[in-house]
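Overview (structure and organization)
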Amino acid sequence: MSLALPESFVPAPASAATPADRSARALRWLRWRQLSNTLSALVADSRLRASMIVFCSAVFWAGLFLLFLKSFQFIAIYVDLANTIIEYLFGMFFLSLLVMLLFSTGIIVYAALFHSREATFLLTTPAAADRIFAHKFAEAVAFASWGFLLLGSPLLVAYGLTIKVGPSASDAGAPWPYYALIPAFLAVFVLIPSSLGSIVAIAVANVFPRRERTVLALATVVGLGVFLYTAWKLLTTPYEALSSDWLGSVLNRLAFCQNPLWPSRWMSAGLLAAAKGDWRGAGYYLMILSSHAGLAYLTAAVLARDLYRRGYGRIQGERSSRKRRGFGLMDATFHRLFFYLPQPIRLLILKDLRTFLRDPTQWSQFLIFFGLLAFYFLNIPRLGYGAQSPYWRNLVSFLNLSVTALILSTFTSRFIFPLLSLEGRNFWTLGLLPLRRDQILWGKFAFSAGISLISTEFLVVLSDLMLQMNPWMILLHVGMIAVLCLGLSGISVGLGARLPNLRESDPSKIAAGFGGTFNLLVSLVFIFTIVTALAVPCHLYFVGQDNAESARLILSWGALRFWLTTAVIASLIIGAAATIIPLRIGIRAFNRMEF
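Computed from a predicted structure; not experimentally measured.

Description of a positive patch on the surface
- Taken together, the side chains of Arg 498, Arg 584, Arg 588 and Arg 592 make up a positively charged region of the molecular surface.
- Per element, the largest residue contribution to the positive patch is three residues, and it comes from helix α23 (residues 557-592).

Brief notes about the packing of aromatic side chains
- For the structure shown, the criterion picks out 19 aromatic pairs.
- Seen in terms of ring centroids, Phe 94 and Phe 189 are 5.8 Å apart; in terms of plane orientation they differ by 70 degrees. Their pairing is edge-to-face. With Phe 94 in helix α3 (residues 84-114) and Phe 189 in helix α6 (residues 176-207), this pair connects stretches of sequence that are 95 residues apart.
- Phe 94 gets classed as buried once you look at its relative accessible area, which sits at 0%.
- Ring centres 5.5 Å apart and planes at 55 degrees place the aromatic pair Phe 411 and Phe 415 in the tilted group. Residue Phe 411 and its partner Phe 415 are both found in helix α15 (residues 390-416); the two are separated by four residues, about one turn of the helix.

Examining the pattern of salt bridges
- Summed over all chains, the structure comprises five salt bridges.
- A salt bridge links Asp 306 to Arg 305; the nearest nitrogen and oxygen atoms lie 3.0 Å apart.
- Accessibility expressed as a relative area gives 47% for Asp 306, which makes it partly exposed.
- The salt bridge involving Asp 438 is made with Arg 436; its shortest N-O contact spans 3.2 Å.
- Among the residues examined, Asp 438 registers a relative accessible area of 18% and is labelled buried.
- Counted as one network, the salt bridges with shared partners bring together Glu 118, Lys 136 and Glu 139.

Some words on the environment of Pro 390
- Position of Pro 390 among the secondary structure elements: in helix α15.
- Residue class for Pro 390 comes out partly exposed when judged on its relative accessible area of 33%.
- The spacing of Pro 390 and Gln 468 is 78 residues in sequence and 9.6 Å in space, taken between C-alpha atoms.

Side note on the nonpolar core
- Ranked by size, the top nonpolar core spans 72 residues in total, and within it Phe 90, Phe 94, Phe 133, Tyr 159, Tyr 178 and Tyr 308 carry the most contacts.
- Going through the elements one at a time, α2 (47-78), α3, α4 (117-122), α5 (129-162), α6, α8 (244-253), α9 (263-275) and α10 (279-317) are the ones with two or more residues in this core.
- Residues Phe 334, Ile 510, Leu 564 and Phe 590 belong to the second largest nonpolar core, which totals 69 residues.

Conventions and cut-offs
- Residues numbered from 1 in each chain as written.
- Predicted model: local features only at pLDDT ≥ 70, side-chain atom pairs only at ≥ 80, totals over all residues.
- Heavy atoms only, no water.
- Patch = residues over 30% accessible without salt bridge, like charges linked within 9 Å, V, L, I, M, F, W, Y side chains within 5 Å.
- Areas by Shrake-Rupley, 256 points an atom, 1.4 Å probe, with all protein chains shown as cover.
- Salt bridge = Lys/Arg side-chain N within 4 Å of Asp/Glu carboxyl O.
- Lys, Arg positive; Asp, Glu negative; His and termini not counted.
- Charge placed at Lys NZ, Arg CZ, Asp CG, Glu CD.
- Helix = DSSP H or I, 4+ residues; strand = E, 2+ residues; numbered from the N terminus.
- Phe/Tyr/Trp six-rings, centres within 6.5 Å; stacked < 30°, edge-to-face > 60°.
- Buried < 20%, exposed > 50% of the residue type's maximum accessible area, 1.4 Å probe, protein only.
- Core = buried A, V, L, I, M, F, W, Y, C linked by side-chain atoms within 4.5 Å.

This is how it looks when you write it as structure tokens:
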């Protein structure tokens, strides 16, 4: 493979090209080669992963499109889709995405500019600081905005298909230029939060060097507090749900998203104007978005030109004055609670627990996902599920349990599966311990199962109590989630030992490789099997409770006891197999491994 610059990237004669132009061409060529090599490696070595990404993205897009289409069709029965309610919904949707894009792009730009090896190398070249910033900014925008495009495009297409721009039936659907304008609106909108996030990242590097985790934790707490306050205000809206008074009160509480200074307000107003065929209004808001996107990026580039190298030097040169927090109390409590385990295994579990607590990317994601679930479960009574029939409460309880298990599977795939791969380079240290190799795997299994059981059992019991489920169903769900926790932990630890990636130090890349993808697929199949086996008999029983005749035809009480007993026994056997077989395979591979 030749590394020579292609003709299109060869710089013009020295008299016509400035050094800035030559560095810009070189960086464009570098980006093109990186993209080409990444795609080639993905197709050659990771076909399964690429196929899964394309397939899951297509299914996710189609599912969202159908969900939005049916929702708009339902809303259109009661209100005109071109009225104020839709503008409020769009304003709130894009304001939420604006905040999330600002956070995600800021974090990615910060890591790419101040902690990546490529940035360290590029700063030694004659390339200007603002050129390096532009190079890394383009990557950060691509990484941070693909989810936004995946969420926003089905919503806007579904809205365009359901809106009526005139009184006759032939006026259904937005005019075709509306669909052509959607990519333009999305592209300029993404640039605003991305540029603002970059400005914040450069400012943090210069003002709070080596304090990025503290700043991130404070920003997360503030953002989560604002979100919880807004959700609480909406959930405590007075008046009967879906009544005109209730709807008016909800719109009053969402009035802050219609502030004319929000870019999300310009976005929603421009798209609604385009959907109604108001091209002057759509062009006006598109120009406002474009001009502010250009101003925000120009400000970020100027800051990068003047402050990037200074901030990089402060981060690399200054020493942190923070004092390490002691873990003495946690260690003593842990040793007392698990006194029956051999001390070397207790020390291994403590090591993994400390690593987990010291990495904000792990515990912050864990807290955010499970915290949001706990917040939703706590507010179930306000949603009216508890007053529904036993059929709906049973259905919602199994859906809540399934969501909890799916989030747990992402946690074990993202953080538990790479554990052994990360130990590979330092295994000589573990080898000095008076332990057999299989005991090391059992220690990691105990660590994973312990965290999983504590968090998920609490959530499932909380969900069932809020749904006013009977004690037998609560006991059944507690047993189900215990089987899922043990099985998912066994799968991740066992496959992590069987399919390790000892050359990679980034856990996210290990989880995204073939082994991590395979682990996630096996986990999803395991969850589907356990949940389906127990949920189907319960569903067939409760679906006929409102009608005595259908109850006899579908599943009676006696038949439920028989099939549920059979399903419980089968689930226990499958759970034991999912726990023991992957661990045995992993132990056998781990014992044969040479370091």
